[in-house]
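Architecture and fold: a report
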There are 4 protein chains.
Amino acid sequence: MIIQFRQPNTEIIGELKEKFERMPKQVFSTETHMAVVGLDHYNFTARESAAISKVIPETPSYVQGSRTFHPKDTIIRLPHTQIGGKNFTLMAGPCSVESEEHVQRMAAVAREGGATVLRGGAFKPRTSPYSFQGLGEKGLRFLREAADENGMDVITEVMDESHVPLVAQYTDVFQIGARNMQNFSLLKAVGKTQIPVALKRGMSGTVDDLLNASEYIASGGNHNIMLIERGIRTFDNKYTRNTFDLAAVPVLQKLTHYPVIVDPSHAVGVWDLVAPMAYAGAASGASGMIVEIHDAPDHAFSDGPQALKPDTYLKMAQHVFDLRRLMDAWEG
Amino acid sequence: MIIQFRQPNTEIIGELKEKFERMPKQVFSTETHMAVVGLDHYNFTARESAAISKVIPETPSYVQGSRTFHPKDTIIRLPHTQIGGKNFTLMAGPCSVESEEHVQRMAAVAREGGATVLRGGAFKPRTSPYSFQGLGEKGLRFLREAADENGMDVITEVMDESHVPLVAQYTDVFQIGARNMQNFSLLKAVGKTQIPVALKRGMSGTVDDLLNASEYIASGGNHNIMLIERGIRTFDNKYTRNTFDLAAVPVLQKLTHYPVIVDPSHAVGVWDLVAPMAYAGAASGASGMIVEIHDAPDHAFSDGPQALKPDTYLKMAQHVFDLRRLMDAWEG
Amino acid sequence: MIIQFRQPNTEIIGELKEKFERMPKQVFSTETHMAVVGLDHYNFTARESAAISKVIPETPSYVQGSRTFHPKDTIIRLPHTQIGGKNFTLMAGPCSVESEEHVQRMAAVAREGGATVLRGGAFKPRTSPYSFQGLGEKGLRFLREAADENGMDVITEVMDESHVPLVAQYTDVFQIGARNMQNFSLLKAVGKTQIPVALKRGMSGTVDDLLNASEYIASGGNHNIMLIERGIRTFDNKYTRNTFDLAAVPVLQKLTHYPVIVDPSHAVGVWDLVAPMAYAGAASGASGMIVEIHDAPDHAFSDGPQALKPDTYLKMAQHVFDLRRLMDAWEG
Amino acid sequence: MIIQFRQPNTEIIGELKEKFERMPKQVFSTETHMAVVGLDHYNFTARESAAISKVIPETPSYVQGSRTFHPKDTIIRLPHTQIGGKNFTLMAGPCSVESEEHVQRMAAVAREGGATVLRGGAFKPRTSPYSFQGLGEKGLRFLREAADENGMDVITEVMDESHVPLVAQYTDVFQIGARNMQNFSLLKAVGKTQIPVALKRGMSGTVDDLLNASEYIASGGNHNIMLIERGIRTFDNKYTRNTFDLAAVPVLQKLTHYPVIVDPSHAVGVWDLVAPMAYAGAASGASGMIVEIHDAPDHAFSDGPQALKPDTYLKMAQHVFDLRRLMDAWEG
């Protein structure tokens, strides 16, 4: 059951919360809303009813992430950027951190294109155990330094509950990869921090699965969550690695208050399709975009075929910002 | 084998064609290219070699539709519009032709938004045999008149080989529906006409399937073909009817010279997702868009939930043209 | 609304039918059941109520095919075999009819393995228009003769409404291919005959789609329908052409009274997987099986890789009948 | 590169291994085979060549799991049963361990049906964080005791790297759930133990993904691996939770030496489809089966709808063993 109050009312909300918790029920509340898990009706007193504007009997399983419980957009504030609301955030960088010098060069390119968040993998989830697994802590350090030198924030993947404290020392945003979307132990671990989390949709994750997975983070107390659409697995994968499900962007925006980011690089997996899909992703209304860049894709340690070369990236980034400026004008 | 000639060379092309056809092999040729089906090498004479700039041993199964055989964009010229090249074509109208008066009203709205092609179904492929199956020839007549009064061209579905001559009397473009993408008899039938054909991708059609299906039309001698991406069937269909595979737009544009059109209405199936997906579709670089409109969606004879009301349509159409003007400027 | 009567009652059923048809509603009836399309409640008189044992308000869209309307298994009687009920029917033969002599040799092998229905394609739906398209009427004649000489019935594909009368002269069962599952014109055409129809599930056809498609046949008056599970299209097609959805067998058996047949050859597309999938298909409870055989698969005109050589087929067939005999004993 | 030796030859194998490791290359060897990762040709000396019967240049990424490197079936020996080879192993039990008394009652039923391995979840991966998450260590203890009292082995899920030592104290087989198929940290952690691991195929895991995931376990030194087919996610999930991909059984058996187990309960998710799919699964040639049972499915803590009641289970189990006895006779 979700209860919407006419206005912030600490007293009534406090009283009701106490009653429901004694039942016992799990209760979540904001200044104006309350959600009671596993309860679908209740006889309110006249005094309570007077304070309430609406009661929705059904609680979505991803209650804290839902717009019914929390109508206002979540805005995530990082040192150099904010994600969500009217802002459009560009995140760029190499797939893997390859060396100190390389990530610095890539950071400068990313920044030049307008990116405010630097991406780069130090722990890499690879299909084969015999492939390059990342530089580990050294990679985190190089990434952090490259971001700092360019006035950027850092996003990097954490693959493992036991790495959470280590990665936390270096990153501004934890990325949870598609393969770990339902690694519930990892979700609970990052949910106990206050570091923003970017949760990627799994290859076969439905929209509901993604929202339920995000609730594992929220249920730990961390509400700084953004969701990333990065393509799903379908029957057609000859010319693209995945199928970019852009309709998930407006669908998620209806259902949840978390910002939605698109990742055209992983969605298509081929560099010359990234730009058109970046334009499409920007036009779909996403709050931001994450792309992979590399100055020598043929020699990249991972995912070379999908990396944009600096020139292509800079042109694409300019077009993406052009598009968003045009779209901002529509709503003015 | 595909042979690319240095320049138009009727003599050599004629001689080679004769030789190959005597083998016997199926041969296709343009002014500058020749395709020989089922042949992967040949010892050319010195004279022949001198005229040839490149030989590609592999022939795609959709040879006439391929860019290797026919590098230049196909442009389809209709009385009031052209499809392909730099042009962006908007097609709009009701799902079904419901009455003379209604389709006229919808045609006026479509035209006001900038559409130059009027859509509307007179023969409807319905999942259940007990659902409304369309007005038949009467519907075709109403549709034609509504288009004529508004200076528009007509696109309408033909479901049946035996209906081809009838529908041909009324339409400017035959639409082949997703369920009939591999109805080879129907494809051959429209392939024997010179009326442009808009071939919709099947729900489980791969990009290659779509191109091979188009080849059934081309092999009959009709090269006025456009392809429509309208969403594919995937595991996630709770919030959208299909998954809009926008990456198929640039993929198809690499592989084929036929114009690619997007259909956001059928892709998502829910009206309030149509506008963001129309923007995304326009941004993906498609040559045009087809959308469904209705002034009273709740009373539509078919597919009401995905129809845009006139106001929403007009605003969306303006934004779509804005987007395309911006994108045109990029290439200038 | 589906009405179940206590016992056959021509009088009451006739009266009710007349009332409902005057509404006007579409009505279907058997000796003991009546379905009224688009009606979900009705105030029956006391006399009517006394004759009725149960009223189900919801009518499935595939009403005539549903078990709620028609609880008893449909049994299809062919000259040499019956399909459905306790019987297990084996259908075998080459993918394409290649020559008079070849199909006769294959028919003898098929018969030796216990098949009572001979399959073979005379009109072939091929992905590419440049592939072998079948022998046409000549193929039909060869197939018919081969079946007659071996005391077998014939199943062969009809791809085209205009071919229905021709194919009808030669076959005992019309096969509708997966690509034509929703070719509604073709379905209506075979629905106007009384020749049994084997309807294949489309590559992306849901169970409901298949049942709705079958209703197009039934709505024409032809109730001799069987359904074929032949694999669906999914994300994993590296080692098998399709994903064999064997759970569809018991699912369909709950929902419909039509016999369900499995086609392991098309499901997997690789001969050495056919036998294990044939055993699995038999064990799933299907009413029959259709398999492709060829004595020289490398030279087959179509689908060679999935054809069983005679030896493998004969061993497989024996095992399949063994399995079914064991399973028959379970129910005894 | 995979090298097959004419016969066990410790000397030559030792010498070659040293050479390749100095390159440096990662080398795996058995008595008769050697795999060198990332090497596709080598000039062998005459003496080496004499000892070698075959060189396969390509190494599958899941090299240790592949039949080319390790042709013989892996057989896993547990205290009360063996998995793989000619044996057919039945594993049964409740979805969740619910109480000491309940798991004991279910263990007795499982054993009566012929199961030699008891399943039961103490840590449950649930879609929602607000659902029952399992009894934890107490559940492990109850499960172990119930197995011991009935002379059975234990299989239970481990969800978390940090739980590996705890679960190791109680279980005979670690189960890795579908959602964790690519949780590489967890795979590495169980790979460092010698406790057998049952790896479930992910909802969108291809056959190759599953084999690559198993290689993460093998690369840690643990070769006691079995693979579980439990249904994949496809477009059709109205009547079944997943699509049971039974062709994966013979496909995996060609590619790998690890035993393949089927899980009809999770594949279909509805109890009355479990028995036909269990028969199909047994007939497909799997090495074993895992099913869920419950005496009061309506009150089960999790997955009640797919649990078999004791009577249904006992009848199904008898039929499954009947089928396998028949199939054993085929090969005799």
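What you see is a predicted model; the values in this text were computed from it and never measured.

Bringing the side chain of Ser284 of chain D into the picture now. Position of Ser284 of chain D relative to the elements: it lies in the loop between helix H10 (271–283) and strand S14 (288–292). Setting aside residues no more than four positions away along its own chain, Ser284 of chain D makes contact with Pro276, Met277 and Ala280 of chain C together with Leu246, Val249 and Pro250 of chain D.

Next up on the list: the interface of chain D and chain C. Every contact between the two is made by 40 residues of chain D and, on the other side, 40 residues of chain C. Note on chain D versus chain C: buried area summed over both sides is about 3200 Å², and carbon and sulfur give 73% of it. Across the contact surface, chain D and chain C share six salt bridges. Notably, a salt bridge pairs Lys254 of chain D with Asp272 of chain C, separated by 3.2 Å at the nearest N-O pair. Mapped onto the side of chain D that touches chain C, the elements with two or more residues apiece are helix H7 (207–218), helix H8 (248–255), H10 and helix H11 (310–331) of chain D.

In this numbering, the UniProt entry assigns the feature "domain: DAHP synthetase I/KDSA" (unreviewed entry) to residues 83–323 of chain A. A distance of 18 Å separates the end C-alpha atoms of residues 83–323 of chain A, which is 38% helix and 15% strand.

So, about the interface of chain B and chain C. Note on interface size: it is often stated as the accessible area lost on association of the parts. In this assembly, 34 residues from chain B lie in contact with 34 residues from chain C. Along the contact surface separating chain B from chain C lie two salt bridges. Secondary structure elements with two or more residues in the side of chain B that touches chain C: helix H6 (184–191) and helix H7 (207–218) of chain B. Among the elements that line the side of chain B that touches chain C, the one with the most residues is H7 of chain B, at four residues. Taken together, the residues of the side of chain B that touches chain C break down into 10 nonpolar, 16 polar and eight charged.

Tyr313 of chain A, Tyr313 of chain B, Tyr313 of chain C together with Tyr313 of chain D are the most contacted members of the largest nonpolar core, which totals 324 residues. Excluding residues within four positions of it along the chain, Tyr313 of chain B makes contact with Leu90, Ala92, Val109, Ala110, Gly113, Gly114, Ala115, Val291, Ile293 and Leu308 of chain B.

What follows concerns the domain arrangement of chain A. When the domains of chain A are assigned, the result is domain 1 (2–59) and domain 2 (76–331). The straight-line distance from the C-alpha centre of domain 1 of chain A to that of domain 2 of chain A is 37 Å.

Before going further, it helps to examine the packing of aromatic side chains. Applying the stated rule across the entire model yields 28 aromatic pairs over all chains. Where Phe132 of chain A meets Phe301 of chain A, the ring centres are 5.0 Å apart and the plane angle is 85°; that geometry is what we call edge-to-face. You can see Phe132 of chain A sitting in the loop between strand S8 (117–119) and helix H4 (137–149) and its partner Phe301 of chain A sitting in the loop between strand S14 (288–292) and helix H11 (310–331), a full 169 residues away along the chain. Ring geometry for Tyr42 of chain B versus Phe44 of chain B: centroids 5.0 Å apart, planes at 75°, classification edge-to-face. Given the relative accessible area of 23%, Tyr42 of chain B is considered partly exposed. Clustering of aromatic rings is evident, with ring pairs tying together Phe20, Tyr42 and Phe44 of chain A.

Bringing the environment of Val36 of chain A into the picture now. Residues and elements named next belong to chain A. Within the fold, Val36 resides in strand S3 (residues 33–36). Counting along the chain gives 254 residues from Val36 to Ile290, while the straight-line C-alpha distance between them is 36 Å. Discounting chain neighbours no more than four positions away, the residues touching Val36 are Met1, Ile3, Phe20, Lys25, Gln26, Val27 and Thr59.

Criteria and cut-off values
- Residues numbered from 1 in each chain as written.
- Chains lettered and ligands numbered in written order.
- Predicted model: local features only at pLDDT ≥ 70, side-chain atom pairs only at ≥ 80, totals over all residues.
- Heavy atoms only, no water.
- Helix = DSSP H or I, 4+ residues; strand = E, 2+ residues; numbered from the N terminus.
- Contact = heavy atoms within 4.5 Å.
- Buried area = accessible area lost by both parts, 1.4 Å probe.
- Salt bridge = Lys/Arg side-chain N within 4 Å of Asp/Glu carboxyl O.
- UniProt positions renumbered as here; feature names shortened; annotations may be inferred.
- Nonpolar A, V, L, I, M, F, W, Y, C, P; charged D, E, K, R; others polar.
- Core = buried A, V, L, I, M, F, W, Y, C linked by side-chain atoms within 4.5 Å.
- Buried < 20%, exposed > 50% of the residue type's maximum accessible area, 1.4 Å probe, protein only.
- Domains from an automatic or database assignment.
- Phe/Tyr/Trp six-rings, centres within 6.5 Å; stacked < 30°, edge-to-face > 60°.

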